[in-house]
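# Structural description and commentary
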Amino acid sequence: MEKIKHQTISVNGINLHVAEIGEGPSAILFLHGFPELWYSWRHQMVYFASKGYRAIAPDLRGYGDSDAPPSPASYTALHIVGDLVGLLNALNLKDKVYLVGHDWGAKIAWYFCMFRPDLVKALVNLSVVHLPRNPSAKPVRMMRQALGDDFYMCRFQAVGEVEEEFGKVETAALIKGFLTSRDPRPPCIPKEIGFDKMLALVAAAELPSWLTQEDINYYATKFSNTGFTGGLNYYRALDLNWELTAPWTGSKIEVPVKFVVGEEDLAYHFPGTKDYIHKGGFKNEVPGLEEVIVMEGAAHFINQEKPEEISSHIYDFIRKF
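Note that the coordinates shown come from a computational prediction; the quantities given were computed from them, not determined experimentally. (Residues numbered from 1 in each chain as written. Predicted model: local features only at pLDDT ≥ 70, side-chain atom pairs only at ≥ 80, totals over all residues. Heavy atoms only, no water.)

## Considerations on the environment of Pro135
Tracing the backbone through its elements, the reader meets Pro135 in the loop between strand S6 (120-126) and helix H4 (139-147). For the pair Pro135 and Glu23, spaced 112 residues apart in sequence, the C-alpha separation works out to 44 Å. Those residues within four positions of Pro135 in sequence are excluded, and the remaining contacts are Trp242 and Thr249. (Helix = DSSP H or I, 4+ residues; strand = E, 2+ residues; numbered from the N terminus. Contact = heavy atoms within 4.5 Å.)

## Structural notes on the packing of aromatic side chains
Any aromatic ring pair is given by two values, namely how distant the centres are and how the planes are angled relative to each other. This model, assessed by the stated rule, comprises 36 aromatic pairs. Their ring planes at 65 degrees and their centres at 5.8 Å tell us that Phe34 and Phe156 sit as a pair that is edge-to-face. You can see Phe34 sitting in the loop between strand S3 (27-31) and helix H1 (42-50) and its partner Phe156 sitting in the loop between helix H5 (152-155) and helix H6 (161-166), a full 122 residues away along the chain. Of the two residues, Phe34 and Phe156, both sit in the buried class. For the cation-ring pair, Lys51 lies above Tyr315, with the distance from its terminal atom to the ring centre recorded as 4.9 Å. Over the face of the ring belonging to Trp242 we find Arg133, whose NZ or CZ atom lies 4.4 Å from the ring centre. (Phe/Tyr/Trp six-rings, centres within 6.5 Å; stacked < 30°, edge-to-face > 60°. Buried < 20%, exposed > 50% of the residue type's maximum accessible area, 1.4 Å probe, protein only. Lys NZ or Arg CZ within 6 Å of the ring centre and 35° of its normal.)

## Details of the nonpolar core
Ranked by size, the top nonpolar core spans 107 residues in total, and within it Phe30, Phe34, Met45, Tyr152 and Phe166 carry the most contacts. If one sorts the elements of this core by residue count, helix H3 (residues 104-115) sits on top with nine residues. Setting aside residues up to four positions removed in sequence, Phe34 forms contacts with Tyr63, Asp103, Trp104, Phe156, Phe166, Phe178, Phe228, Gly231, Leu232, Tyr235 and Phe301. (Core = buried A, V, L, I, M, F, W, Y, C linked by side-chain atoms within 4.5 Å.)

## Things to note about the pattern of salt bridges
What the rule picks out here adds up to 21 salt bridges. Between Glu20 and Arg54 there is a salt bridge, and its shortest N-O distance comes to 2.4 Å. With Glu20 in strand S2 (residues 14-21) and Arg54 in strand S4 (residues 54-58), the pair connects residues that are 34 residues apart, well separated along the chain. Like Arg54, Glu20 is buried. For the salt bridge of Glu163 with Arg236, the shortest nitrogen-to-oxygen distance reads 2.9 Å. Remark: Arg236 occurs in helix H10 (residues 229-236) and Glu163 occurs in helix H6; sequence separation between them is 73 residues. Taken as a pair, Glu163 and Arg236 share a single burial class, namely buried. (Salt bridge = Lys/Arg side-chain N within 4 Å of Asp/Glu carboxyl O.)

## Observations concerning H1
Within H1, the full set of buried residues consists of Arg42, Gln44, Met45 and Phe48. Buried positions in H1, seen along its axis, are confined to an arc of 165 degrees and lie on one side of it. Of the surrounding secondary structure, the elements contacted by the buried residues of H1 are S2, S3, S4, helix H9 (213-226), helix H14 (302-305) and helix H15 (307-318). Phi turns positive one or two residues past the end of H1, at Gly52, with a value near 95 degrees. (Arc of directions from axis to C-beta.)

## A look at the sheet that holds strand S1 (residues 5-11)
Taken in spatial order, the eight strands of this open sheet run S1-S2-S4-S3-S5-S6-S7-S8, and their pairing is mixed. A strand with exactly one partner marks an edge of an open sheet, and here the two such strands are S1 and strand S8 (289-295). Averaged over all pairs of adjacent strands, the angle between their axes in this sheet comes to 20 degrees, without regard to strand direction. Sheet analysis places S3 next to S4, joined by three bridges and oriented parallel. Pairing of Ala27 across the sheet is with Arg54, part of S4. (Pairing = 2+ DSSP bridges. Axes fitted to C-alpha atoms, helices over the stretch in contact; angles between N-to-C directions.)

## Here we look at the packing of helix H7 (residues 171-180) against helix H8 (residues 194-203)
One way to put it is that H7 packs onto H8 with a least axis distance of 7 Å and a crossing angle of 75 degrees. The angle between H7 and H8 places the two elements in the roughly perpendicular class. Along the contact surface, H7 presents Ala173, Leu174, Lys176, Gly177, Phe178 and Thr180, while H8 presents Leu199, Val202 and Ala203. Residue composition of the contact of H7 with H8, grouped by class: six nonpolar, two polar and one charged. (Parallel < 35°, antiparallel > 145°, perpendicular 65-115°, else oblique. Nonpolar A, V, L, I, M, F, W, Y, C, P; charged D, E, K, R; others polar.)

Quick look at the structure:
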């Protein structure tokens, strides 16, 4: 870990904090999710540096030591992918890169492959599938209809409301609650219960073997400084993403893809997701899909819970390209 280098790079009108290790000719760009940081990829970065790759993991805009513009309108897929293209240029990467994403990082990686497939050798995505754009309905409305107003992505839409709930609990307890929750049901948290009570209850349990107090403290220190608004703004830009990506309606993901999800991952249990993955819908939208792995006994934060297995899954796939 101490060999990982850190720098701040100015791209796309903001400053991005970037962690990097390894000097190989082939680069892997790791994209984290919510509520995470570059640090979520610490195990994979060290692993791939030892295999001769250049491992790069930014704090995405709104997170950690990267800039956090205040407006949700500054967190569209076009902004985030723009940051990443600017980062590749700033790092003087001439060849295509491998992409690896998890959670929101996976969603951004899908967009990256849709917008700029010319820059990608292959993609390994964790947890979050690519869904086609529905031209007749905005995503937040569809989620409200399917899962109700208390579904967490719907609750996240109100600026300040969830931040207030988060503020009632110590940041370390919030992080522990998020990372260690293993309830596979789609999270629906009524206002009268609140995220603070729900996450504090989860955080009362002992830490699992794959997560240390040092890990929790790293996340907590960064989120104590920044708050969670930057990460929440990704959810608040969902409908704006829908509007801005209209030109890509019907576009397919053509780059080579491997998808890995934990059998206990809440994203795997969203209504219709299993059928979509296993009955042809996913492959239809992602013609480049070559492998789907469902890992038994694993939940959402799979790259941290099963670091060796995930590193092996990534390596076994990207080494072919």
